[in-house]
Amino acid sequence: MKYLFNFVLRLLVKVALKGYFRTIVVDGKENIPKNVPVILVANHQNALIDPLLLATHTTLNPYFLTRASVFKKSFVAKMLNFIRMLPVYRVRDGFATIQQNQGTFDQTYEVLRKNGTVIIFAEGSHSLIRNLRPLSKGFTRMAFGLKEKYPETTPVILPVALDFSAHKRSGSKARLTFGKIIPVDMPPSKSGLLTKSVEKAVKNLVVEIPEETYEQDLARLIENNVDLTSRADVKLFLETEEVPKPVPEPSGLKNKLMKIFHFPLYWLWLWKKSSVKDPVFSSTWKFLIGFALAPLYYLSLLWLAMDTPVGSWALAFLIMAWITLIGNRNPQE
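In this report, we go over the structure that sits alongside the text. (Residues numbered from 1 in each chain as written. Predicted model: local features only at pLDDT ≥ 70, side-chain atom pairs only at ≥ 80, totals over all residues. Heavy atoms only, no water.)

1. Considering the overall build of the protein chain
Here is step 1 of the chain: Regarding its fold elements, the protein chain presents 13 helices and eight strands.
Here is step 2 of the chain: Relative to its length of 333 residues, the protein chain is compact, with a C-alpha radius of gyration of 22 Å against a globular reference of 20 Å.
Here is step 3 of the chain: Buried positions account for 46% of the 333 residues belonging to the protein chain.
Here is step 4 of the chain: Looking at the protein chain alone, contacts between residues at least 24 apart form 70% of all its contacts between residues at least 6 apart.
Here is step 5 of the chain: When the accessible area of the protein chain is evaluated, it comes to approximately 17,500 Å², of which 63% is carbon and sulfur surface.
Here is step 6 of the chain: Charge centroids of the protein chain, computed over 43 positive and 27 negative side chains, lie 7 Å from each other. (Helix = DSSP H or I, 4+ residues; strand = E, 2+ residues; numbered from the N terminus. Rg over C-alpha atoms; globule rule 2.2 N^0.38 Å. Buried < 20%, exposed > 50% of the residue type's maximum accessible area, 1.4 Å probe, protein only. Contact = heavy atoms within 4.5 Å. Areas by Shrake-Rupley, 256 points an atom, 1.4 Å probe, with all protein chains shown as cover. Lys, Arg positive; Asp, Glu negative; His and termini not counted. Charge placed at Lys NZ, Arg CZ, Asp CG, Glu CD.)

Encoded structure:
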């Protein structure tokens, strides 16, 4: 039952993500390994959207490590565990809780022993800044702990980059780039070398903009319609100012029409927006509102179309809602 629930949930989320984003590009699928323990190490720029993309656009059926603070309520903890999320305790949660991480690591060892996949966002936090931040060593502890407990296993690290044309907007573009696997074939004493190798691998996949001139360069990239999800295009422009494949700049009309024909959902986001203190969660809340309530909204319009005097208007509104959702476009930011 649990596996069926996860399969159906991933399918529904994948469909919803296709509706939320204008385009989702997956590069390097050939690098995804099979029949080995996989520790997937990714950058973290877009809150819940990041794990949802990774869960639905690979065949790995992964488990996720996420901050322990969201597991405080027992009901929520059971639900998160049901969808393959495991708690990680940090110093800010209190020194007394750090020891509880051993239980989480023991769970990941069992997942990996069966050639499963565990995803860890090794930067330790999320940020809208596109550059990669230093990686923590949690994934090396996991890899060497697995080999110590189950010496016969052959874990690999799979580096992944997540890039977005506009982190906070629907109708935008997302790109997942899978790098070549890094085998864990060194002794634990070389854990620092493994950390550096993985950090370099992820850094070579993620879009990079020089920190010293970040805001100015980002403005120039957007002004010249450079694809902000393409590391190669960004690098080429910053070095030569060439733009091989300019991104068409949307007028914004399609997005405005989408909001009009989804006004109840858009109004709910406007009501919620003021309480979202961290802008990184903007897309997460927009997506969750649409995922949970758009089907009810569409069914309501369908019922009005079939069984009320305003049937023709409701049907036209429903069709326009679908058309504007498919055509939704937002500029880069």
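Right, picking up where we left off after that structure.
2. Structural notes on the packing of aromatic side chains
Here is step 1 of the chain: All told, the structure shown has eight aromatic pairs when counted by the stated rule.
Here is step 2 of the chain: Each ring, one from Phe287 and one from Phe291, has its centre 5.8 Å from the other, and the planes form 15°; the classification is stacked. Taken together, the residues span about one helical turn, with Phe287 and Phe291 both in helix α12 (residues 282–307) at a distance of four residues.
Here is step 3 of the chain: Taken together, the ring pairs connect Tyr20, Phe21, Phe164, Phe287 and Phe291 into an aromatic cluster.
Here is step 4 of the chain: Over the aromatic face of Tyr150 sits the side chain of Arg113, whose NZ or CZ is 5.2 Å from the ring centroid. (Phe/Tyr/Trp six-rings, centres within 6.5 Å; stacked < 30°, edge-to-face > 60°. Lys NZ or Arg CZ within 6 Å of the ring centre and 35° of its normal.)

3. Observations regarding the packing of helix α6 (residues 138–149) against helix α7 (residues 191–203)
Here is step 1 of the chain: Where α6 meets α7, the axes come as close as 9 Å, and the angle between the chain directions of the two elements is 125°. The angle between α6 and α7 places the two elements in the oblique class. The two elements α6 and α7 meet at a crossing, and its hand is right-handed. Residues Phe139, Thr140 and Phe144 of α6 lie in contact with α7, whose contacting residues are Ser191, Leu194, Thr195 and Val198.
Here is step 2 of the chain: Residue classes in the contact of α6 with α7 are distributed as four nonpolar, three polar and no charged. (Axes fitted to C-alpha atoms, helices over the stretch in contact; angles between N-to-C directions. Parallel < 35°, antiparallel > 145°, perpendicular 65-115°, else oblique. Left-handed = near helix turned anticlockwise from the far one by under 90°. Nonpolar A, V, L, I, M, F, W, Y, C, P; charged D, E, K, R; others polar.)

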